[in-house]
Amino acid sequence: MSRILVVEDEQHLAEGLRFNLEAEGYQVHVVDTGEAALEALGPESPPFDVVILDVMLPGIDGFAVMSEMRHGGQFVPTLMLTARGHPDDVLRGFAAGADDYLTKPFELAILIARISGLLRRREWLRASMNHVTEPLAGPPPGPDETFTFGDKSMFFDRLELHVRDQVFPLTLMEANVLRYLIRHEGKPVSRKMMLEEVWGLHEDTDTRAIDNFIVRLRRYIEDDPTHPRHLLTVRGVGYRFVATSQP
Amino acid sequence: MVVAGRQKSIAFFIALGAGLICVIILLYVGWVLLNWRHGILLVLGALLMTAIVSGVVLNTIFLVHEIRRNAQHDAFINAVTHELKTPIASIRLYLETLQTRAVDDAKRLEFYRIMVDDSERLLGTIEQVLRTGRIGASSRRLNLSRIDLGGVIEQSVLRVRALHKVPPEGLQYRAGAPVTIVGDADEVQAAVSNLIDNAVKYSGSDVRVTVETARVDGNYVALRVTDHGPGIEKTELKRIFKRFYRVPGALATRVKGTGLGLYIVRSVAKRHGGRVWAESEGPGHGATFVLRLPIVK
């Protein structure tokens, strides 16, 4: 059963959406603030298949929720549903990373058709991923999706990092970031490049989101994360991966 | 982003104005130094310069004022768009649901109730906007009659209790001595309703609102609406009565509104020879709104 997250602070609309989506056979979870939405979409929570996101929310607004989701590596298909139908607002929604945009008042049938469209696209993508081995961040570094450096081995096909006898399961985004860095071994890569190549985002905003991924990766691959030897910071640019341990 | 853009343009105009004034002063000082012997011309020049400087200052003030107003107008259009579209979206959603799905009786009745609530909200917004238009057209005469203020308050309290589903102990009316005023019944009703409605609306989940009336020096009656809500900054106490004005921040997004309610209250108070003002010890300490109207002796 597909799980849908509805982010809407107007109680009447939220309950109407819940009733209809449940009647369509979806499992529906409703939250009424952007903060609660980000929490529900966090890595610890069970994943959702589609998000319906309102713009006018108390606290942080829908646009901010949207871009925060995408920067945090949350790529769940999202439909923005809002009273603001001005072209500027629509464009802002898409720029923040929305997959679809619908203005209120909307037709129920259209809304449901768009949601099933998003779900269908997700299924097709999954099906095609099984055929195509080439992942988002380009060709893999090794023939069998494995890369070994020092006493560490990264198994990209299983999303597992083996450090001596320890095994760390990585998320898909963590693995993609690591893959990208390994592909550019020895060369500095900028945050902007990583955003574009790994996340597929083209934004001018200087983001710190990537830094969080680096911090997590260092925790896995560095013996002492405060003194990295593989994942080095290049001041003013970004990061550099080196396979042979640097003193 | 939009707000930052406006701040920038305001800063630009202020800088431009200040720059021009400096240039004029420099030119004038230079001119005086060169021509200090020509007494009459000096006086003429002083007058001319004063005129030019005040012209530029006025111009700058006007520009900044207009930019502010424009920003508020935009915010108002946004708020009204939201307030009009949201209930329509909801009513339409429920109608389409009833049209296309098998809904059991209990749910159906609930949906009807929700639609009635939404149409009430829609009507409220429309009345607010229309009333602002009527008040703005100052040529419209008041439809004067003798009004029992207690009755008006009683009605408003009942209406707000029903609208926000507040228990009687959450919204109390302590009636003072009966008071008769002369005024436009419709407008006085709107003003009283707006004050009580605001107090409940901004209280959030902790609604403890009291409405009281008392005579003041024999000529006036004061209606006091006290809440234990989020309170108001000292600097905002006057501004909140301006047309379209809403206190910036999280509260304005949590509590939906058009920025017209208190403007209507103030206009009604003025047209009836009265006053309205707000008192608050600051954020977190609740607020009291006082509406003072002249009474009939």
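Residues numbered from 1 in each chain as written. Chains lettered and ligands numbered in written order. Predicted model: local features only at pLDDT ≥ 70, side-chain atom pairs only at ≥ 80, totals over all residues. Heavy atoms only, no water.

Draft legend 1. Fine view of the overall build of chain A. Counting its secondary structure elements, chain A contains eight helices and twelve strands. Expressed as a percentage of its 247 residues, the buried residues of chain A come to 49%. Here the contacts in chain A between residues at least 6 apart in sequence split such that 56% fall between residues at least 24 apart. Accessible surface, chain A as shown: approximately 12200 Å² in total, 52% of it carbon and sulfur. (Helix = DSSP H or I, 4+ residues; strand = E, 2+ residues; numbered from the N terminus. Buried < 20%, exposed > 50% of the residue type's maximum accessible area, 1.4 Å probe, protein only. Contact = heavy atoms within 4.5 Å. Areas by Shrake-Rupley, 256 points an atom, 1.4 Å probe, with all protein chains shown as cover.)

Draft legend 2. Spotlight on the overall build of chain B. Looking only at helices and strands, one finds seven helices and seven strands in chain B. In sequence order, chain B lays out its α and β elements as α-α-α-β-α-β-β-α-β-β-α-α-β-β. Within chain B, buried positions represent 40% of all 297 residues. Put simply, 71% of the contacts in chain B that link residues at least 6 apart link residues at least 24 apart. Only carbon and sulfur atoms are counted for the fraction: they give 62% of the accessible area of chain B, which is about 16700 Å².

Draft legend 3. Molecular detail of the nonpolar core. The biggest cluster of nonpolar side chains holds 42 residues, and the ones touching the most others in it are I153, L171, I181, I196, V211, F289 and L291 of chain B. Per element, the largest residue contribution to this core is seven residues, and it comes from helix α5 (residues 185-203) of chain B. Ignoring sequence-local partners within four residues, the contact set of I196 of chain B consists of I153, S156, V157, V160, L171, V211 and V225 of chain B. Counting residues in hydrophobic clusters, the runner-up holds 30 residues, among them L178, V189, I221 and A243 of chain A. (Core = buried A, V, L, I, M, F, W, Y, C linked by side-chain atoms within 4.5 Å.)

Draft legend 4. Region of interest: the pattern of salt bridges. One pass over the structure, following the stated rule, counts 33 salt bridges over all chains. The salt bridge involving R108 of chain B is made with D105 of chain B; its shortest N-O contact spans 2.7 Å. Taken as a pair, R108 of chain B and D105 of chain B lie in helix α3 (residues 105-136) at a separation of three residues, close to a single helical turn. A salt bridge links D206 of chain B to R208 of chain B, with the nearest nitrogen and oxygen atoms 3.0 Å apart. Classification of D206 of chain B by relative accessible area gives partly exposed; the value is 33%. In this structure R208 of chain B comes out as partly exposed when scored by relative accessible area, which is 42%. Bridged by salt links that share partners, the residues D9 and E10 of chain A together with E83, R121 and K256 of chain B form one connected network. (Salt bridge = Lys/Arg side-chain N within 4 Å of Asp/Glu carboxyl O.)

Draft legend 5. Structural view of the environment of G59 of chain A. Here G59 of chain A shows up in the loop between β3 (50-53) and α3 (62-71). Separated by 26 residues in sequence, G59 of chain A and T33 of chain A have C-alpha atoms that sit 6.9 Å apart. What G59 of chain A contacts, discounting residues up to four positions off in sequence, is E35 of chain A together with T253 of chain B.

Draft legend 6. Just the interface of chain B and chain A, in detail. Between chain B and chain A, the contact holds 26 residues from the first and 24 residues from the second. For the pair chain B and chain A, the summed buried surface comes to about 2200 Å²; carbon and sulfur atoms form 62% of the total. Taken together, chain B and chain A are joined by five salt bridges. Between E10 of chain A and R121 of chain B there is a salt bridge, with the nearest N and O atoms lying 2.8 Å from each other. Along the contact surface separating chain B from chain A lie eleven residue pairs in polar contact (both at pLDDT 80 or more). When residues of the side of chain B that touches chain A are assigned to their parent elements, the largest contribution, 14 residues, is made by helix α2 (residues 39-100) of chain B. Within the side of chain B that touches chain A, the residues separate by chemical class into eight nonpolar, eight polar and ten charged. (Buried area = accessible area lost by both parts, 1.4 Å probe. Polar contact = N/O pair within 3.5 Å; in protein donor to acceptor, adjacent residues only side chain to side chain. Nonpolar A, V, L, I, M, F, W, Y, C, P; charged D, E, K, R; others polar.)

Draft legend 7. Local environment of a nonpolar patch on the surface. Residues and elements named next belong to chain B. Together, W31, I40, L41 and L44 line one region of the surface with nonpolar side chains, adding up to about 420 Å² of accessible area. The element best represented in the nonpolar patch is α2, accounting for three residues. Within the secondary structure layout, I40 lies in helix α2. (Patch = residues over 30% accessible without salt bridge, like charges linked within 9 Å, V, L, I, M, F, W, Y side chains within 5 Å.)

Draft legend 8. Region of the structure containing the pairing of strand β7 (residues 152-155) of chain A. Residues and elements named next belong to chain A. Burial along β7 is two-sided: K152 and M154 facing one way and S153 and F155 facing the other are all buried. With four bridges connecting them, strand β6 (residues 146-149) and β7 associate as antiparallel partners. Considered in β7, the bridge of F147 is made with M154. As paired strands, β7 and strand β8 (residues 160-163) are joined by four bridges and run antiparallel to one another. Its bridge partner being in β8, S153 is matched across the sheet by H162. (Pairing = 2+ DSSP bridges.)

Draft legend 9. Layout of helix α8 (residues 209-221) of chain A. Under the 1.5 Å per step criterion, the end-to-end length of α8 of chain A is 19 Å for 13 residues, consistent within 8% with the ideal 18 Å. What α8 of chain A keeps buried is the set A209, I210, D211, F213, I214, L217, R218, Y220 and I221 of chain A. (Expected span 1.5 Å × (residues − 1).)

Draft legend 10. Structural context of the packing of α3 of chain A against helix α4 (residues 87-96) of chain A. Residues and elements named next belong to chain A. In the contact formed by α3 and α4, the axes pass within 8 Å of each other and the chain directions differ by 20°. Considering the angle they form, α3 stands roughly parallel to α4. From α3, F63, M66, S67 and R70 reach across to α4, where they touch D89, R92, G93 and A96. Grouping the constituent residues of the contact of α3 with α4 by class yields three nonpolar, two polar and three charged. (Axes fitted to C-alpha atoms, helices over the stretch in contact; angles between N-to-C directions. Parallel < 35°, antiparallel > 145°, perpendicular 65-115°, else oblique.)

Draft legend 11. Looking closely at the confidence of the model for chain B. Residue and element names in this part refer to chain B. Looking at chain B as a whole, its pLDDT mean stands at 86, while 96% of the residues score no less than 70. No element of chain B has a lower mean pLDDT than helix α6 (residues 250-254), which averages 76, and none a higher one than strand β6 (residues 275-279), which averages 94. For this predicted complex, the interface confidence reaches an ipTM of 0.71, while the overall pTM sits at 0.66. (pLDDT = per-residue confidence, 0-100.)

Draft legend 12. Representation of helix α1 (residues 11-23) of chain A in the model. Residue and element names in this part refer to chain A. For α1, built from 13 residues, the straight-helix expectation of 18 Å at 1.5 Å per residue is met to within 8% by its first-to-last C-alpha distance of 18 Å. All of the buried residues in α1 are L13, A14, G16, L17, F19, N20 and L21. Following α1 by one or two positions, G25 has its phi on the positive side, about 95°.

Draft legend 13. Inspection of the packing of aromatic side chains at higher detail. Residue and element names in this part refer to chain A. Summed over all chains, the structure comprises nine aromatic pairs over all chains. Relative to F149, the ring of F147 has its centre 5.8 Å away and its plane inclined at 35°; by these criteria the two rings are tilted. We note that F147, like F149, is buried. Geometrically, the ring pair formed by F168 and Y220 is tilted, given 5.2 Å between the ring centres and 40° between the ring planes. Remark: Y220 occurs in helix α8 and F168 occurs in strand β9 (residues 166-169); sequence separation between them is 52 residues. For the pair F168 and Y220, a shared accessibility class is recorded, and that class is buried. (Phe/Tyr/Trp six-rings, centres within 6.5 Å; stacked < 30°, edge-to-face > 60°.)

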